[in-house]
2 protein chains.
Amino acid sequence: MRIAVVGAGALGLYYGAMLQKGGHEVCFLLRRDLETIPKNGLSVFSINGDFKLFPVAGYGSSEEIGMVDLVLVGLKTFANQSYRQLITPLLKDNSIILTLQNGLGNEEALAEIFGSERIMGGVAFLCSNRGEPGVVHHLGAGRIILGEYARPYMDRAESVAAMFSMAGVPCQAVTDLKKARWEKLIWNIPFNGTCALLQKPVNVLLSNQRTRCLLRDIMFELIQAANCQSLSNPIPMAYADEMLDFTDAMGHYKPSMQIDREEGRELELEAIFARPLDAARQKGIIMPRVEALHALLEESTSRS
Amino acid sequence: MRIAVVGAGALGLYYGAMLQKGGHEVCFLLRRDLETIPKNGLSVFSINGDFKLFPVAGYGSSEEIGMVDLVLVGLKTFANQSYRQLITPLLKDNSIILTLQNGLGNEEALAEIFGSERIMGGVAFLCSNRGEPGVVHHLGAGRIILGEYARPYMDRAESVAAMFSMAGVPCQAVTDLKKARWEKLIWNIPFNGTCALLQKPVNVLLSNQRTRCLLRDIMFELIQAANCQSLSNPIPMAYADEMLDFTDAMGHYKPSMQIDREEGRELELEAIFARPLDAARQKGIIMPRVEALHALLEESTSRS
């Protein structure tokens, strides 16, 4: 497959590298790493074994890349107003657009511009950070759960999932993408939110009984809201404790939103907080702790 | 009246100064200002007019002060384990102990040691900060609402209130001290809590619509909890908007907990957060936003 990675942050670089290593032709749309990667290649430091790719096809514009079979979208969600400009030059009739972005609303925004038929969405359970230009660190996990946005048949999703799996990225196609999105939010909102607000890693917040309890209560609010979104089947309340155990095993991990805050970058509050809060409110569900965290995070990162 | 001020922070220094200016014999138990005040006196920079007191009776121990008619307690609540040592030498048969400390549990702790008959409590609506040693700044308000802890007659409370009023401190004696304490918490918890957490003054948090809404929702939780504490009559929900208006008028004000945090001092989380949360929980009321704020504040000020 010919694949374009649009939004080559830690996520885009890691998955793009795995696909190229798996034998696919991968084109990276680059900004920060545009000087380095075409010249020196891409180094992946991974818990599964380090590797280096050379040559790597890095481009400064989508026009240079041209048409591909699959567009992998890893943009920060506040850059979604660039969808049309960045993706249009990459499309032919049957190109697939797979967004692995955070939060809610990305498939909808893509479908609005490019039609719902070609849109797929996925959630990535990946611990990775960018290093210096030309380097990505894979610290843990990496699994993708993906699904169709509107297409009723599963064949395409199954074959994309198989492509990832064969390239060494555990990947599962599911019929209920919305449920997968909410499952990811049940982790993202408490851990990204509190770690970014307090600027402390997950193990610190998990070892204080009061913040550990807050993290679980936030997950309970989200599970309740998720289960009002017409999911195929409900998420059990026990999912909260599974996520606590899962996160205990991460040790001293900084979620991406904490790193974004430490480095002064904009946070994805609209996609990760505001849209889920709206979706819950539309079903009559108030999530007081999520609301509080959203307000505190928004003000903590405002310039005032 | 002979009065001892125990806990001569911004609150103790200001009210002690007003009482001395009003003609009472005031003895200050000092720590930080022990070198300065006996030598140079006490300067009050007040919105109602600056004044300077000299001489000022400052002491390093309660034994040197000896017996007084009224003990004014302005200690930080995490110093309450010093009650017995600091207050015992000041008492004669009919000495009154008036605590103007923050939060819940102070009258109970004093009554446990000194008997409930002599205990009075009050809440201070005072904007003041300490300056350099020998200086206190009175930035706004100053009103005290006080009441008896257990004594059924109002004569003593009325006469203490009259003493403050005649000394230029607006003061009202009320029969329901518990209600006054909760009214103060309805301000203290949202404003001290969020300003200390985000390290921003009240006007910044009031001008962001999302944090303004959070502040009001926190007050709603507290009003609901207060109204389950067998108060003489309920606090109306409209009290929240009154407090927003009252605080809008303060402008760029930093609550004391924010200043404590900025200066690396311990916060009064037990008296101001943990005890009210417990009191609510005992009546079956959960305050999710207050709980979240408490957990975040506790972790944000822990050394981990």
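Chain A is annotated in an unreviewed UniProt entry as 2-dehydropantoate 2-reductase from Geotalea daltonii. Recorded in UniProt under Sequence similarities (unreviewed entry), the annotation for chain A is "Belongs to the ketopantoate reductase family." UniProt lists a comment for chain A under the heading Pathway (unreviewed entry), and it reads "Cofactor biosynthesis; (R)-pantothenate biosynthesis; (R)-pantoate from 3-methyl-2-oxobutanoate: step 2/2."

Summed over the entire model, instances satisfying the criterion amount to 6 aromatic pairs over all chains. With a centroid separation of 6.1 Å and an interplanar angle of 80 degrees, the aromatic rings of Tyr15(A) and Phe164(A) are classed as edge-to-face. Of this pair, Tyr15(A) sits in helix H1 (residues 10-21) while Phe164(A) sits in helix H6 (residues 155-166), placing them 149 residues apart in sequence. Of the two residues examined, Tyr15(A) and Phe164(A), each falls in the buried class. Ring plane angle 55 degrees and centroid distance 5.4 Å describe the contact between Tyr14(B) and Tyr15(B), whose orientation is recorded as tilted. Tyr15(B) matches Tyr14(B) in its accessibility class, with the two residues each being buried. Taken together, the aromatic side chains of Tyr14(A), Tyr15(A) and Phe164(A) make up a single cluster linked through ring pairs. When the ring centre of Phe125(A) is taken as reference, the NZ or CZ atom of Lys184(A) above it lies at 5.8 Å. The ring of Phe125(B) is capped by Arg143(B), whose NZ or CZ atom sits 4.8 Å from the centre of that ring.

Residue and element names in this part refer to chain B. Counting through the fold element by element, Arg181 comes out in helix H7 (residues 177-198). With a relative accessible area of 6%, Arg181 lands in the buried category. Residues within four places of Arg181 in sequence aside, it is in contact with Thr99, Gln101, Gly103, Leu104, Glu107, Gly121, Gly122 and Val123.

Before going further, it helps to examine the interface of chain A and chain B. Each partner contributes to the interface: chain A provides 25 residues, whereas chain B provides 25 residues. Where chain A abuts chain B, roughly 2200 Å² becomes buried across the two surfaces, and 63% of that area is made up of carbon and sulfur atoms. Three residues stand out in chain A for area buried against chain B, namely Arg210(A), Leu296(A) and Glu299(A), and they jointly supply 27% of the buried area on that side. Counting every contact that joins chain A to chain B gives 6 salt bridges. In this structure, Arg289(B) engages Glu291(A) in a salt bridge whose closest nitrogen and oxygen atoms are separated by 3.5 Å.

This part is about helix H13 (residues 288-300) of chain B. In this model, H13(B) (13 residues) spans 18 Å end to end at C-alpha, consistent with the 18 Å of a helix rising 1.5 Å per residue. Counting buried positions over the 13 residues of H13(B) gives 12, a clear majority of the element.

All names here are of chain A. Alternating residues of strand S6 (residues 70-73) divide into Leu70 and Leu72 and Val71 and Val73, and every residue in both groups is buried. Summarising the sheet, strand S1 (residues 2-6) and S6 pair through 4 bridges and their orientation is parallel. Residue Val5 lies in a different strand from S6, and its bridge partner there is Leu72. Here S6 pairs with strand S7 (residues 96-99) via 4 bridges, running parallel. Paired with Leu70 across the bridge in S7 is Ile96.

With that out of the way, let us pick up the pattern of salt bridges. Opposite charge on two side chains permits pairing when their charged atoms draw close. Considering all chains together, one arrives at 44 salt bridges over all chains under this definition. Residues Arg156(A) and Glu148(A) are paired through a salt bridge, measuring 2.7 Å at the closest nitrogen-oxygen approach. A residue is classified by how much of its surface remains accessible, and Glu148(A), at 7% relative accessible area, is buried. In this structure, Arg181(B) and Glu107(B) form a salt bridge, with 2.7 Å as the shortest nitrogen-oxygen distance. Of this pair, Arg181(B) sits in helix H7 while Glu107(B) sits in helix H5 (residues 106-114), and the two are 74 residues apart along the sequence. Accessibility assignment for this pair places Arg181(B) and Glu107(B) in one class, buried. One network of salt bridges, with partners in common, ties together Asp217(A), Glu221(A), Arg289(A), Asp278(B), Arg281(B) and Glu291(B).

Mapping chain A onto chain B calls for a screw motion: a turn of 180 degrees about the axis and a shift of 0.0 Å along it, with 0.0 Å RMSD after fitting. Expressed as a symmetry operation, the mapping of one chain copy onto the other fits a two-fold axis. For chain A, the minimum C-alpha distance to the rotation axis belongs to Arg289(A) and amounts to 2.8 Å. When the interface residues of chain A are mapped onto chain B, 100% of them again lie at the interface, so the same face is used by both copies.

Moving on to the nonpolar core. Judged by nonpolar contacts, the single largest core of 94 residues is most densely connected at Trp182(A), Leu197(A), Phe273(A), Trp182(B), Leu197(B) and Phe273(B). Setting aside its immediate chain neighbours within four residues, Trp182(B) contacts Leu104(B), Leu222(B), Ala225(B), Ala226(B), Gln229(B), Ile235(B), Pro276(B) and Ala279(B).

All names here are of chain A. When its domains are assigned, chain A resolves into domain 1 (2-175) and domain 2 (179-300). Contacts between the two partners involve 23 residues from domain 1, matched on the other side by 18 residues from domain 2. Each partner contributes to the roughly 1800 Å² buried at the junction of domain 1 and domain 2, and carbon and sulfur atoms together form 57% of this total. In this structure, the connection of domain 1 to domain 2 is made through 2 salt bridges. A salt bridge links Lys76 to Asp260, with the nearest nitrogen and oxygen atoms 2.8 Å apart. Between the two partners, domain 1 and domain 2, sit 12 residue pairs in polar contact (both at pLDDT 80 or more). Of all elements in the fold, only strand S8 (119-130) and strand S9 (135-148) reach the threshold of two or more residues within the side of domain 1 that touches domain 2. Here the element with the most residues in the side of domain 1 that touches domain 2 is S8; it accounts for 9 residues. Per-class residue counts for the side of domain 1 that touches domain 2 are 11 nonpolar, 10 polar and 2 charged.

Turning to helix H12 (residues 269-282) of chain B, a few remarks are in order. Residues and elements named next belong to chain B. Counted at 1.5 Å a residue, the expected span for H12 with its 14 residues is 20 Å, and the 18 Å between its end C-alpha atoms agrees. Among all positions in H12, only Leu269, Ala271, Ile272, Phe273, Ala274, Pro276, Leu277, Ala279 and Ala280 are buried. Residues of H12 that are buried in the fold lie against H7, helix H9 (209-226), helix H11 (256-262) and H13. With its phi angle positive at about 80 degrees, Gly284 sits one or two positions after the end of H12.

Before going further, it helps to spend a moment on the state of the cysteines. Residues and elements named next belong to chain A. Using the criterion set out here, one finds 0 disulfides over all chains in the structure. Here Cys195 stays unpaired: no disulfide links it, and the sulfur of Cys127, its closest cysteine neighbor, is 11 Å away. Among the residues examined, Cys195 registers a relative accessible area of 0% and is labelled buried. Here Cys213 is not cross-linked by a disulfide; its sulfur's nearest cysteine counterpart is in Cys195, at 16 Å. We classify Cys213 as partly exposed; its relative accessible area is 32%.

Cut-offs and rules
- Residues numbered from 1 in each chain as written.
- Chains lettered and ligands numbered in written order.
- Predicted model: local features only at pLDDT ≥ 70, side-chain atom pairs only at ≥ 80, totals over all residues.
- Heavy atoms only, no water.
- UniProt positions renumbered as here; feature names shortened; annotations may be inferred.
- Phe/Tyr/Trp six-rings, centres within 6.5 Å; stacked < 30°, edge-to-face > 60°.
- Helix = DSSP H or I, 4+ residues; strand = E, 2+ residues; numbered from the N terminus.
- Buried < 20%, exposed > 50% of the residue type's maximum accessible area, 1.4 Å probe, protein only.
- Lys NZ or Arg CZ within 6 Å of the ring centre and 35° of its normal.
- Contact = heavy atoms within 4.5 Å.
- Buried area = accessible area lost by both parts, 1.4 Å probe.
- Salt bridge = Lys/Arg side-chain N within 4 Å of Asp/Glu carboxyl O.
- Expected span 1.5 Å × (residues − 1).
- Pairing = 2+ DSSP bridges.
- Least-squares fit on C-alpha atoms with pLDDT ≥ 70 in both.
- Core = buried A, V, L, I, M, F, W, Y, C linked by side-chain atoms within 4.5 Å.
- Domains from an automatic or database assignment.
- Polar contact = N/O pair within 3.5 Å; in protein donor to acceptor, adjacent residues only side chain to side chain.
- Nonpolar A, V, L, I, M, F, W, Y, C, P; charged D, E, K, R; others polar.
- Disulfide = S-S within 2.5 Å.

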